[in-house]
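Summary of structural features
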Amino acid sequence: MTTSKQILVLYKQLLEKAYKFDNYNFREFAKRKVTDSFKANKGLSDSEAITNFYNQGILDLAMLTRQTTISQMYTFEKLVVEPLKRQR
Amino acid sequence: MLSRQILRNIARGSSARRVGGVRLLSQSKITSFATNAAESNSGANATVVIGNAQAPDGSAITLKTASRDESLFGTRPIYLDVQATTPTDPRVLDKMMEFYTGLYGNPHSSTHSYGWETEKEVEKARSYIADVINADPKEIIFTSGATESNNMSIKGVPRFYKKTKNHIITTQTEHKCVLDSARHLQDEGYEVTYLPVNEEGLISLDDLKKAIRKETCLVSVMAVNNEIGVIQPLKEIGQICRSKKIFFHTDAAQAYGKIDIDVNEMNIDLLSISSHKIYGPKGIGACYVRRRPRVRLDPIITGGGQERGLRSGTLAPPLVAGFGEAARIMKQDMKYDQEYIHRLSEKLKKGLLSIPSTQLNGSLDPASQYPGCVNISFAYIEGESLLMALKDIALSSGSACTSASLEPSYVLHALGADDALAHSSIRFGIGRFTTEAEIDYVVAAIQERVDFLRKMSPLWEMVQEGIDLNTIEWSGH
Ligand SMILES: Cc1ncc(COP(=O)(O)O)c(C=O)c1O
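Treat the numbers as computed from the prediction; the structure is a model and nothing was measured.

This part takes up the UniProt feature "domain: Complex 1 LYR protein" (unreviewed entry) in chain A. UniProt tags residues 5–63 of chain A as "domain: Complex 1 LYR protein" (unreviewed entry). Summarising residues 5–63 of chain A: 81% helix, 0% strand, and an end-to-end C-alpha distance of 22 Å.

Right under this line is the structure:
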């Protein structure tokens, strides 16, 4: 049984990882995707569907951990739309 | 008729001070828009040289945005050229990394587990790729990209049937690799019909029916045009071809995973796919080759008989797996990506078409237009010079699709556009990684710089004075 607390923790962890992309476009995409997919699945009530959603989120978290690390190892100049001082 | 060179000079505001007795606006009137070429580019004083995209020395058009402090922002251009290629999705790279680390077996090694494990992954990728177009995985042949798939189909089918048939049909607005394959066939003695398109870029089904002969063995019509984004009526073409027992090939490099394609419902017999247009790795693609009714073709690459004997050679599992993952994501997120791209596209079009004397190239019917490709003509400006003034945005003029050619686009010509219009068009490509902030930036930058370039253009000045340009006799040079 996946609790709503677990879901909330996962959401926060995913979003935190999304912010870690050095690449602007990947970062903005990941933020948007995490938020939108949690919003779209807000109404899930079937406990099996919730567990599946949660498990997929755990896999995504692992992927984001690896890929944000890579993004931080290979960096490029900032885009013209990116303020030079990091927000946050 | 005003020569093209003069037009270009006018638009660039360079040497041609006087054209047919019309004086250019003096430079002092426009200094508020322009900054000195030497100090343009970036606030960090780092000159970014991107390919040969440097504006000519002394050119006054390398202006920067006057409305903000450049030193607070980065220097890398915004990427709006997804029709040329897309960035590799991190989810795709994540899949590929396994194959550059642990999974290095040859998928054709059948005697040990290293071979088996990669083979299993290759077949998984094949089924993801087939799923997007409702095909059977056995009908997917891996190639090096859409160029190879197009060559394989367009040369392969007619060569196989050469004893009985000698005619193929294609269109005037195909990608160069299709047109060039067709030209090679002509050299070999085949006959080729190049169908014209209407001003929206669509072929006429009547033209197609009239062009079909007893000796026709293949019709090749691209799904989504790479320059203007129009979607050809695939289902109707498929129906015509099937009823006449002619094979139907479509170049879906720009369409695969972006619009709905069902090879069975649309009676498509061969279909070309490119991985690097769907956020996958470069250097791989696929050709869908129907099994029932069977499509037979003469392979271009022969050898060990891999890929049903149609394309021999050891597969590259990292690329195959990355391509497969890219296809899986395209299908999984299709609706989500489509909605997002549509929204940004509307915003971009609204912003750019609010500039006077602009024109959208392509179809106005949303059912025949892919929103991720926006091609707009800016009258009285040359596309290439606008691109020069837009070093902070990575774009392509309709013409620069193949290489660094400055020829006006043959696709826009086929729509009936004249030289000047074909020269003044720019293609904007929107993908899943484009952001709203980027679109806002692009709209503001283009509005500002079109205005600036027009202020330098004597043509624009004359148009503003109500002079009909067609009535002027231009002195030659
Ligand atoms: C319509 C179309 N066909 C074929 C190609 C070539 O694809 P590839 O780079 O995979 O060979 C492209 C890309 O430029 C294209 O846009």
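Having seen the structure, we can now continue with the description.
Attention now moves to the site of the ligand. Residues and elements named next belong to chain B. Close to the ligand lie 13 residues, the nearest being Thr147, Asp251, Gln254, Ser274 and Lys277. Between the ligand and Asp251 there is a distance of 2.6 Å, counted from a nitrogen atom to a side-chain nitrogen or oxygen. Contacts to the ligand include Gln254, whose side-chain N or O atom sits 2.7 Å from an oxygen atom. Considered on its own, the ligand offers 400 Å² of accessible surface; in the complex 86% of this is hidden by protein. A per-element tally of the shell around the ligand places helix H4 (residues 146–160) first, with 3 residues. The residue makeup of the shell around the ligand, split by class, is 3 nonpolar, 8 polar and 2 charged.

With 27 residues of chain B at the contact, the number on the chain A side is 22 residues. Considering only the side of chain B, the residues that lose the most area to chain A are Arg76(B), Asp94(B) and Tyr336(B), jointly responsible for 27% of the buried surface there. There are 2 salt bridges connecting chain B and chain A. When the shortest N-O distance is used, the salt bridge between Arg66(A) and Asp94(B) registers 2.6 Å. On the surface where chain B and chain A come into contact, there are 16 residue pairs in polar contact (both at pLDDT 80 or more). Contributing elements (two or more residues each) for the side of chain B that touches chain A: helix H2 (90–101), helix H9 (334–353) and helix H13 (436–456) of chain B. Classifying every residue of the side of chain B that touches chain A by side-chain character gives 13 nonpolar, 6 polar and 8 charged.

About the cut-offs
- Residues numbered from 1 in each chain as written.
- Chains lettered and ligands numbered in written order.
- Predicted model: local features only at pLDDT ≥ 70, side-chain atom pairs only at ≥ 80, totals over all residues.
- Heavy atoms only, no water.
- UniProt positions renumbered as here; feature names shortened; annotations may be inferred.
- Helix = DSSP H or I, 4+ residues; strand = E, 2+ residues; numbered from the N terminus.
- Near = heavy atom within 4 Å.
- Polar contact = N/O pair within 3.5 Å; in protein donor to acceptor, adjacent residues only side chain to side chain.
- Areas by Shrake-Rupley, 256 points an atom, 1.4 Å probe, with all protein chains shown as cover.
- Nonpolar A, V, L, I, M, F, W, Y, C, P; charged D, E, K, R; others polar.
- Contact = heavy atoms within 4.5 Å.
- Buried area = accessible area lost by both parts, 1.4 Å probe.
- Salt bridge = Lys/Arg side-chain N within 4 Å of Asp/Glu carboxyl O.

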